[in-house]
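Listed below are the residues making up each chain.
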Amino acid sequence: MVIKTDELPAAAPADSAREPSSQTGSKGRPGAADLPSVMLLNGDCPESLKKEEGAAEPPQENGLEEAEPGEETTGQEVIVIQDTGFSVKILAPGIEPFSLQVSPQEMVQEIHQVLMDREDTCHRTCFSLHLDGNMLDHFSELRSVEGLQEGSVLRVVEEPYTVREARIHVRHVRDLLKSLDPSDAFNGVDCNSLSFLSVFTDGDLGDSGKRKKGLEMDPIDCTPPEHILPGSRERPLCPLQPQNRDWKPLQCLKVLTMSGWNPPPGNRKMHGDLMYLFVITAEDRQVSITASTRGFYLNQSTAYHFNPKPASPRFLSHSLVELLNQISPTFKKNFAVLQKKRVQRHPFERIATPFQVYSWTAPQAEHAMDCVRAEDAYTSRLGYEEHIPGQTRDWNEELQTTRELPRKNLPERLLRERAIFKVHSDFTAAATRGAMAVIDGNVMAINPSEETKMQMFIWNNIFFSLGFDVRDHYKDFGGDVAAYVAPTNDLNGVRTYNAVDVEGLYTLGTVVVDYRGYRVTAQSIIPGILERDQEQSVIYGSIDFGKTVMSHPRYLELLERTSRPLKILRHRVLNDRDEEVELCSSVECKGIIGNDGRHYILDLLRTFPPDLNFLPVPGEALPEECMRAGFPRTHRHKLCCLRQELVDAFVEHRYLLFMKLAALQLMQQKASKMETPTSLENGSPPSLDSKPEDPPGPEAGSEEEGSSASGLAKVKELAETIASDDSTADPRSREVIRNACKAVGSISSTAFDEEVRDQKQLLKDAAAFLLSCQIPGLVKDCADHVVLPMDGATLAEVMRQRGINMRYLGKVLGLALRSPARDRLDHIHKIGIGELITRSAKHIFKTYLQGVELSGLSAAISHFLNCFLSSYPNPVAHLPADELVSKKRNRRRRNRPPGAADNTAWAVMTPQELWKNICQEAKSYFDFSLEWCVSSMAGGMVGSRTMSASSHNVGPGGERREPWRTAYFGKKRWERSYWFKSWLDGSGWGGFRPWSSGWGRGGYCSARSHLPFSPSETVDQAVESYGLQKITLLREISLKTGIQVLLKEYSFDSRHKPAFTEEDVLNIFPVVKHVNPKASDAFHFFQSGQAKVQQGFLKEGCELISEALNLFNNVYGAMHVEICACLRLLARLHYIMGDYAEALSNQQKAVLMSERVMGIEHPNTVQEYMHLALYCFASSQLSTALSLLYRARYLTLLVFGEDHPEMALLDNNIGLVLHGVMEYDLSLRFLENALAVSTKYHGSRSLKVALSHHLVARVYESKAEFRSALQHEKEGYTIYKTQLGEDHEKTKESSEYLKCLTQQAVALQRTMNEIYRNGSSANIPPLKFTAPSMASVLEQLNVINGILFIPLSQKDLENLKAEVARRHQLQEATKNRDKAEEPMATEPEPAGAPRDAASQPQATKDPSSPSLQG
């Protein structure tokens, strides 16, 4: 029978429309129509907080069922961890005592960290805390310390140093000196990343909010930079990383480094010397310092003479900082200023992120001397933690032990999830550094005698292998291509089994790193695996792809527990001797019992079913919808799998179909008890074309809602009864269930052959379901703006959430091109083409880099970027300088690092060759013809006679006077080509005329630029044909390949010099894929909070989400994507409840976190900036609000460009704020651009466009240009009248406003006439020009951002809450019917007035979208 997963609860994020006039109809969840609320709220939640599998529920994490909102046990569990805090007094040497708030579950070590961060105690590292004369243990919890209570005094006692403590101290001083230096963030080390919010807010918003209150009409400089204005073609790169004035370093010391006299000789060790330091102060004084067990003092050594005796002044200090304060006045002054600035920075600017985020641009930085950095580079410090004595970490033991921690109650689960997350984060960092060391040739192979590609490595207890087919394992699956794909498939399998989290079943820690064109898989090591052959180790699965297969009862038992969430049936397979073997996984999955007795599974590359669209099987025909789309296609490897999201969506779809069929039969059975229904027994299984909401027959459609719901409920009950083998079920009912199961293709325990046949059919149906339901559904959601991707990454996320693999990108674009709403899909087309081009380029770049030796890396990368993006026709690669090439050609070592190839084939690449390869790659991988689209432009223009024969050498027969076509194709090839035949028959290459639908920028483009591959016009053709931006392509290719370029303005379009030089390529970073463990309890609290908010219980929702925030912080630490979503929602709730200061504080944290964790120009960050601007405006911080909106607009222009639906919302926001500060001309530029974009993407009759007209009319009214104001308001009135009818509130409002405008226009005209008649002596009555009030501007801002305040009395609220509670119960009863109807219930209908819009359910918004707009 088809396995059913529970529906996403009401808490599932559902974004409301941003405007009252959004075209969201009333098709939604019953019972949500009258939200008992004073607002309409965007429950905007990112992909990380949505169920990863889309509509269906993913494997339950930790095996827990979901907590229901308001469940009592949850409340009790929360109380357990909410121990009340208390304050203690700290006594430290040399400073006044101070109080510190602590929590009972904190460790003593955490107080150490606080003291090491405080401005007045930051220079101490080697100390202990004493209570009543007793030293406290670092690792004990405060609640376990006897006698520790409110008001206790903790004394800081200085401890003697060891070599380790002295090193930690020097490292800490160095960190303090570098605390404002962003170089670590630019270099991508130590989990530092960039944030620029403080540049635009001028410090902390909370304080500035208090300062600026009441100054709202002070003069404000509102002029945006030229490149931000609507219509600007400039896309500068430098504003992406504005210079922060705090970054100008205050020089405290010139040099602090380890002395060459280290380590101390034996006799000095016996005097307590630990190490020696060499310092040059800012005053140019050179001193040598001894670190001894008692502290730091100056010695008499010089660079060439060793004299360890103390020098004068004979000052011994326990802290290095105190010693330097004594000997250098500049150090004393600057260090104090530096620490003041450091503690003034927001903590979120300083805290390390859990995973490294790399920046694709960086300014030119000086390389300063740094002893700690140098030491880190030449020791394998990674893998050592400061608190672990110097041994490498046993990663496998740590990963598995954390999974074995108890999980019976909430505190235990939090502790367990926190440990799992921390170990995974550390393991990922270690694996990344190890992988880079392997590729750079810094790690010795464990099989050094074999050729480079076959080598394997062990470093820091992690096993590394390269993505090559080393022993013909993948010979039948695609060789090296399959070996390159297998690690990511394996990682997806590990991620899935980890999420199911079955006790007793273990997976390996796995990280996949792409670096310098190589793929490295890093795995933890199973104990004992290196001591025996694989044949001896594997006791389950197959090591030879199914020839010999083994099974094991314990593995079957463990894996069977994963079968329901993963939809993997226990099944039988045949080995090479035709013997049946029972498995509960793919045949490649191997089970190994380690020396530690744990049951490990590995090689999970085929956890998910194969994708038959890319796996032609002789003798097996695919369904018709697949054949129509040109499938099956032969892919370059045979490891194509369906995504888990697709499997879940398919099962959900089939389950709904099953419920409907069974309910229909049961109702027929009930209606005519005399005859047995036969309508479905002999019929073929229903086609997958039938959409989930289509009723299977007219009878079901005509039934009342109540009976339909009861029929579904009865089916569910029956199915459960039969599943539990209960003999009480009526035989006829059993027959109904069986028929319905059979009709939807459910696998029953039938004969082996039949089972295989049915499974094959299910695979075919799933492949067809992807093409017939998921891809059209995605395109429809994009056309309806339910999802609004802004760049390649967000488009990929949207596709993956629907289970659509990236190899279907060409099909998605093809469907978008053929869509009747293709004008509304222009942005999707652009993003898709850009993604397709950059992914194709990435595939080529990978192979290109493998042939480059390290010394030529920057030259090779800059040459590739020139060929890819520069208009310069003949870029020349600069090989390493000849004078550096050794004249003695030594025989090369056989075992070179993988990158050390000795050829320079990369240097001969040309732009024409690269773009030809990109087009071929796009065709072979994505099945999308870039050249066809480019050519069709030219062909279409000839077909429509827009291309003059004389100016473009088009002969009457088209055979002689087209130099470009034969130059590229050759005469014979040209005459055989599809383009030539299309040219002759005048069909315009398939009859498709892209210019007529606005694909090309500005309609017609120069015909010459669209001819296929005319010399040196390659990237320009692509940019011109598809309206792309070169800066966007640079960003996309850099993010995908790990390239970091210099922050400067690149002249891409120059034909006289190449855009990039070697100096412009600063670095190449790894691209890392890893498992991201989740905080399940916190996630459930977040969902419950969202559910409460959607039901209108704001206060309760706010409390639940605050609790979720605490739990997230408990598991993830301070920085994480999911915490960012929590903060965003809390900020919005506080804003709605009128607490602007709290809203500002939370949203500021959300912006900082988004910049740090996702990237400074990630679409999500753009959203956060917009929200923060709204709250700043509400708090009367107008100039800050404008700065933030300008920043958001700049980032949008850089990431995508101007022509995006999201730009309408952004420009409306900017226009309204400018209107508020009476910058009318500027305001009009933005509002009119918003109107144009809205008209394009929503249609001229859309309610969004009506609102846009109204906003423009208001500005014209303020300018006293009443004719223009009337014209726009009439447009708006016409739309309201057409869409909503004359009696609608919005129509009446618009009508009233029209009358008001008319009166003002008449009054103005009378005055003008009076002036004309009587000249200067005219008696002119004062004209009333309405300057906008801040309140009215804020009201409009709330409206366009989806927040509506509805005044309700307390009694109304109580009545509404009672009504919602009643409807919620009804909703629960009819849940399955709703699910059947909901997926396609996003067709826009005329929406009501703001009040109605607020009370209606909103179209479900996919959280991966960067937009919040409904």
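Residues numbered from 1 in each chain as written. Predicted model: local features only at pLDDT ≥ 70, side-chain atom pairs only at ≥ 80, totals over all residues. Heavy atoms only, no water.

Colleague: Looking at this model, I keep getting lost on the pattern of salt bridges. Mind explaining?
Modeller: Should the charged atoms of two oppositely charged side chains come close, the side chains can pair. As enumerated under the stated definition, the model contains 73 salt bridges in all. Arg118 is the salt-bridge partner of Asp120, the closest N and O atoms lying 3.1 Å from each other. Look at Arg118 and you get partly exposed, because its relative accessible area is 27%. Between Glu1161 and Arg1035 there is a salt bridge, with its nearest N and O atoms 2.9 Å apart. Taken together, the positions of Glu1161 in the loop between helix H37 (1140-1158) and helix H38 (1163-1178) and Arg1035 in helix H33 (residues 1030-1041) put the pair 126 residues apart, joining distant regions of the chain. By relative accessible area, Glu1161 is classed as buried at 6%. The network of salt bridges with shared partners includes Asp791, Glu835, Arg839, Arg1035, Glu1036, Lys1040 and Glu1161. (Salt bridge = Lys/Arg side-chain N within 4 Å of Asp/Glu carboxyl O. Buried < 20%, exposed > 50% of the residue type's maximum accessible area, 1.4 Å probe, protein only. Helix = DSSP H or I, 4+ residues; strand = E, 2+ residues; numbered from the N terminus.)

Colleague: Before we go on, may I ask you to explain the environment of Gly188 in this structure?
Modeller: Positionally, Gly188 belongs in the loop between helix H4 (183-187) and helix H5 (197-201). Along the chain, Gly188 and Gln356 lie 168 residues apart, while their C-alpha atoms are 6.6 Å from each other. The residues contacting Gly188, other than those within four sequence positions of it, are Gln356, Tyr358 and Phe1069. (Contact = heavy atoms within 4.5 Å.)

Colleague: What should I look at first to understand the packing of H38 against helix H39 (residues 1182-1199) in this one?
Modeller: Between two packed helices, what matters for the description is the angle formed by their axes and the separation of those axes. Relative to each other, H38 and H39 sit at 165°, their axes nearing to 8 Å. In terms of orientation, H38 and H39 fall into the roughly antiparallel class. As for the relative orientation of H38 and H39, their crossing is left-handed in sense. Each of Val1166, Tyr1169, Met1170, Leu1172, Ala1173, Cys1176 and Phe1177 in H38 lies in contact with H39, whose residues at this interface are Leu1182, Thr1184, Ala1185, Leu1188, Leu1189, Arg1191, Ala1192, Leu1195 and Thr1196. Among the residues forming the contact of H38 with H39, the class breakdown is 13 nonpolar, two polar and one charged. (Axes fitted to C-alpha atoms, helices over the stretch in contact; angles between N-to-C directions. Parallel < 35°, antiparallel > 145°, perpendicular 65-115°, else oblique. Left-handed = near helix turned anticlockwise from the far one by under 90°. Nonpolar A, V, L, I, M, F, W, Y, C, P; charged D, E, K, R; others polar.)

Colleague: Help me understand unusual backbone geometry, please; the structure alone is not making it clear to me.
Modeller: Excluding glycine, most residues fall at negative phi; most peptide bonds, likewise, are trans. That bond from Asn262 to Pro263 is cis: its omega, -10°, falls within 30 degrees of zero. In this fold, Pro263 is placed in the loop between strand S6 (253-258) and helix H7 (266-269). Across the junction of Phe631 and Pro632, the peptide omega takes the value 0°, indicating a cis bond. By secondary structure assignment, the location of Pro632 is in the loop between helix H16 (624-628) and helix H17 (644-671). If you check the backbone angles, Asn460 has positive phi at about 60° while not being a glycine. Tracing the backbone through its elements, the reader meets Asn460 in the loop between strand S11 (456-459) and strand S12 (462-466). The phi torsion at Asp578 lies on the positive side, around 60°, for a residue other than glycine. Checked against the element boundaries, Asp578 lands in the loop between strand S17 (571-574) and strand S18 (580-583). Overall, Asp578 belongs to the exposed group, its relative accessible area being 60%.

Colleague: Where do I start with the environment of Arg561 in this structure?
Modeller: The topology assignment puts Arg561 in helix H15 (residues 553-566). Arg561 gets classed as partly exposed once you look at its relative accessible area, which sits at 41%. Spatially, the C-alpha atom of Arg561 lies 9.7 Å from that of Asp501, the residues being 60 residues apart in sequence. Apart from residues lying up to four places away in sequence, Arg561 is in contact with Val502, Glu503 and Arg554.

Colleague: What exactly am I supposed to notice about empty space enclosed by the protein here?
Modeller: Picture a little ball the size of a water molecule; that probe, rolled over the atoms, points out where space is still empty. Summed over the entire model, instances satisfying the criterion amount to eleven cavities of 30 Å³ or more. The calculated volume of the second largest cavity comes to roughly 150 Å³. Lys830, Ile831, Gly834, Leu1028 and Thr1032 are the residues nearest the centre of the second largest cavity, which is lined by 15 residues in total. Residues that form the lining of the second largest cavity fall into these classes: six nonpolar, five polar and four charged. (1 Å grid on protein atoms, 1.4 Å probe; cavity = no way out; pocket = protein on both sides within 12 Å on 5 of 7 lines; lining within 4 Å. Points joined across faces, edges and corners; volume = space filled by probe spheres on them.)

Colleague: Just checking my understanding: could you explain a nonpolar patch on the surface for this structure?
Modeller: Nonpolar side chains collect at one region of the surface, where Met1312, Ile1315 and Tyr1316 lie side by side and expose about 300 Å² of accessible area between them. Inspection of the secondary structure assignment puts Ile1315 in helix H44 (residues 1289-1318). (Patch = residues over 30% accessible without salt bridge, like charges linked within 9 Å, V, L, I, M, F, W, Y side chains within 5 Å. Areas by Shrake-Rupley, 256 points an atom, 1.4 Å probe, with all protein chains shown as cover.)

Colleague: So what exactly am I meant to see when it comes to the confidence of the model for the chain here?
Modeller: When pLDDT drops low, the exact placement of atoms in the prediction is not to be read closely. With 73% of its residues at a pLDDT of 70 or more, the chain has an overall mean of 78. Low confidence marks residues 932-1016, where pLDDT is under 50. Its contacts with residues over four positions away, or in another chain, come to 146 contacts. Contacts from residues 1376-1414, a stretch scored under 50 in pLDDT, to residues over four places away or in other chains number 158 contacts. (pLDDT = per-residue confidence, 0-100.)

Colleague: Teacher, can you tell me more about the side chain of Arg519 here?
Modeller: Of note, Arg519 is situated in strand S15 (residues 518-524). Among the polar contacts made by the side chain of Arg519, one reaches the side chain of Asp514 at a distance of 2.7 Å. What Arg519 contacts, discounting residues up to four positions off in sequence, is Ser465, Leu466, Gly467, Tyr484, Val485, Pro487, Thr488, Val512, Val513, Asp514 and Lys1073. (Polar contact = N/O pair within 3.5 Å; in protein donor to acceptor, adjacent residues only side chain to side chain.)

Colleague: Whenever I open this one, the environment of Tyr1277 confuses me. Can you help?
Modeller: Within the secondary structure, Tyr1277 is located in helix H43 (residues 1266-1284). In this structure the C-alpha to C-alpha distance between Tyr1277 and Thr1291, which are 14 residues apart in sequence, comes to 6.1 Å. In this structure, Tyr1277 is in contact with Thr1291, Ser1294, Ser1295 and Leu1298, ignoring residues within four places of it in sequence.

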